[in-house]
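These are the residues of each chain, in order.
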Amino acid sequence: MDCDRCGREAVMHAAYSGAHLCGKHLRASVDKRVRRRIREDGLLPATASPENPQTWVIGLSGGKDSVVLTHVLAETFGKDPRVELVALSIHEGIEGYRDESLDASKRLTADRDLRHEVVSYADELGVRMDDVVETDPEDMAACAYCGVFRRDLLESYADELGADKLLTGHNLDDEAQTALMNFFEGDLKQMAKHFDASLGPFDRRAETTHFVPRAKPLRDVPEKEVALYAHLADLPAHITECPHASEAYRGEIQELLLGMEESHPGTRHSIMAGYEELAELAAERYRDDDGPNLGECDRCGSSTSGRICRKCRLVESIEAV
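Residues numbered from 1 in each chain as written. Predicted model: local features only at pLDDT ≥ 70, side-chain atom pairs only at ≥ 80, totals over all residues. Heavy atoms only, no water.

## Looking at the UniProt feature "binding site: Zn(2+) 1" (unreviewed entry) in the protein
The sites that UniProt annotates as "binding site: Zn(2+) 1" (unreviewed entry) are Cys-3, Cys-6, Cys-22 and His-25. Over a stretch of 23 residues, the named residues converge on one spot in the fold, their C-alpha atoms separated by at most 8.4 Å. The class for Cys-6 is partly exposed, based on a relative accessible area of 34%. Those residues within four positions of Cys-6 in sequence are excluded, and the remaining contacts are Cys-22 and His-25. (UniProt positions renumbered as here; feature names shortened; annotations may be inferred. Buried < 20%, exposed > 50% of the residue type's maximum accessible area, 1.4 Å probe, protein only. Contact = heavy atoms within 4.5 Å.)

Structure below.
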């Protein structure tokens, strides 16, 4: 088939829209959707100026999603004096895997003259994921430990870097999977938190002073299109699954969604359209509920509802082995 826009050979058929696109117009389509999401979510406030720029910290793992996001942001805002882009990479201590993805991240940021900060579990927490998997003191999946540690370091370093926003490379598939998981678990409070933490436009979220606001500019773009974009743009993405990946439930949801999308194109977009509206209603319902009072962790100073935060409890458990 030929591209709908220029007649060149198409590299992709988007069944959910019916479009056939060549490489050039696929990349243009992804760029347009990311920039529209940035505009519609209100990431760049009217008050931003060269004298008062926004600092956007990008969680850059070196995988396809974060690499494509960083590339599009650099192309769009790299010379905009209203925005300072800072890439932040986390080394979890996974032999071989993270070293290669960090090399990709370094090449990408060097080519685009972006500031790039790297922090590690070993330096900051005194643990390495390879060792955690071996000991597993809490009898949990590797992703359960890693998710807590990674979120904490992204948050704490984004704050240290003076971030106004923390941007991550979650794509449409990621968000639709999370939406279905929350639906199936009947967790309205988690939907509410999802909306206010990273899903809703900034002018419709509850304000918080405890955490750096998050955004997901890639969340309208299917995973396969992100991967194809990275290939077509010859980006230095490390496209290999983590050797410790073991999110069994999410994997089931992923397979379910892929099957539904194949039979009923547009399913992921429909899920997210309805979910975002429902999540906003849930946020309005639960915002005024008296939740736990947040204080500072006795060990690290992070915000927590208890004496010790979840990250520090896990680290203590690992140290006790």
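## Things to note about the sheet that holds strand E4 (residues 83–91)
Judged by pairing direction, the sheet is parallel, and its five strands sit side by side in the order E5-E4-E3-E6-E7 without closing on themselves. Looking at which strands have only one partner, the edges of the open sheet turn out to be strand E5 (115–120) and strand E7 (214–215). Lying on the sheet, helix H6 (residues 142–160) is in contact with strand E3 (54–59), E4, E5, strand E6 (165–167) and E7; it crosses E4 at an angle near 145°. (Pairing = 2+ DSSP bridges. Helix = DSSP H or I, 4+ residues; strand = E, 2+ residues; numbered from the N terminus. Axes fitted to C-alpha atoms, helices over the stretch in contact; angles between N-to-C directions.)

## A short note on helix H3 (residues 97–111)
Each α-helix winds once per 3.6 residues, and so residues spaced three or four apart point in a common direction. A rise of 1.5 Å per residue sets the reference length of H3, with its 15 residues, at 21 Å; its end C-alpha atoms lie 22 Å apart and thus fit the reference within 8%. Against helix H2 (64–77), E4, E5 and H6 lie the buried residues of H3. At the exit of H3 stands Asp-113, carrying a positive phi of roughly 55°. (Expected span 1.5 Å × (residues − 1).)

## Digging into the UniProt feature "domain: 2-thiouridine synthetase TtuA-like N-terminal LIM" (unreviewed entry) in the protein
UniProt records the feature "domain: 2-thiouridine synthetase TtuA-like N-terminal LIM" (unreviewed entry) for residues 3–26 in the present numbering. Its end C-alpha atoms 9 Å apart, residues 3–26 is made of 17% helix and 25% strand.

## Structural notes on a positive patch on the surface
Judged by side-chain charge, Arg-5, Lys-32, Arg-36 and Arg-39 come together as a positively charged surface patch. Note that Arg-36 resides in helix H1 (residues 23–41). Judged by relative accessible area, Arg-36 falls into the partly exposed class, the value being 30%. (Patch = residues over 30% accessible without salt bridge, like charges linked within 9 Å, V, L, I, M, F, W, Y side chains within 5 Å. Areas by Shrake-Rupley, 256 points an atom, 1.4 Å probe, with all protein chains shown as cover. Salt bridge = Lys/Arg side-chain N within 4 Å of Asp/Glu carboxyl O. Lys, Arg positive; Asp, Glu negative; His and termini not counted. Charge placed at Lys NZ, Arg CZ, Asp CG, Glu CD.)

## Some thoughts on the side chain of Asp-130
For Asp-130, the position within the fold is in helix H5 (residues 129–135). Using a relative accessible area of 17% as the deciding quantity, one classes Asp-130 as buried. A distance of 2.8 Å separates the side chain of Asp-130 from the backbone nitrogen of Glu-95, its partner in a polar contact. Setting aside residues no more than four positions away along its own chain, Asp-130 makes contact with Gly-93, Ile-94, Glu-95 and His-244. (Polar contact = N/O pair within 3.5 Å; in protein donor to acceptor, adjacent residues only side chain to side chain.)

## A short note on the environment of Ile-90
Position of Ile-90 relative to the elements: it lies in strand E4. Sequence separation between Ile-90 and Arg-151 is 61 residues, and the spatial gap between their C-alpha atoms is 9.9 Å.

## Describing unusual backbone geometry
One non-glycine residue, Asp-113, lies in the positive phi region at around 55°. Assignment of secondary structure puts Asp-113 in the loop between H3 and E5. For Asp-113, a relative accessible area of 72% gives the class exposed. You will see that Asp-136, though not glycine, has its phi angle at about 40°, which is positive. Looking at the element boundaries, Asp-136 is found in the loop between H5 and H6. On the basis of relative accessibility, which here comes to 23%, the residue Asp-136 falls in the partly exposed class.

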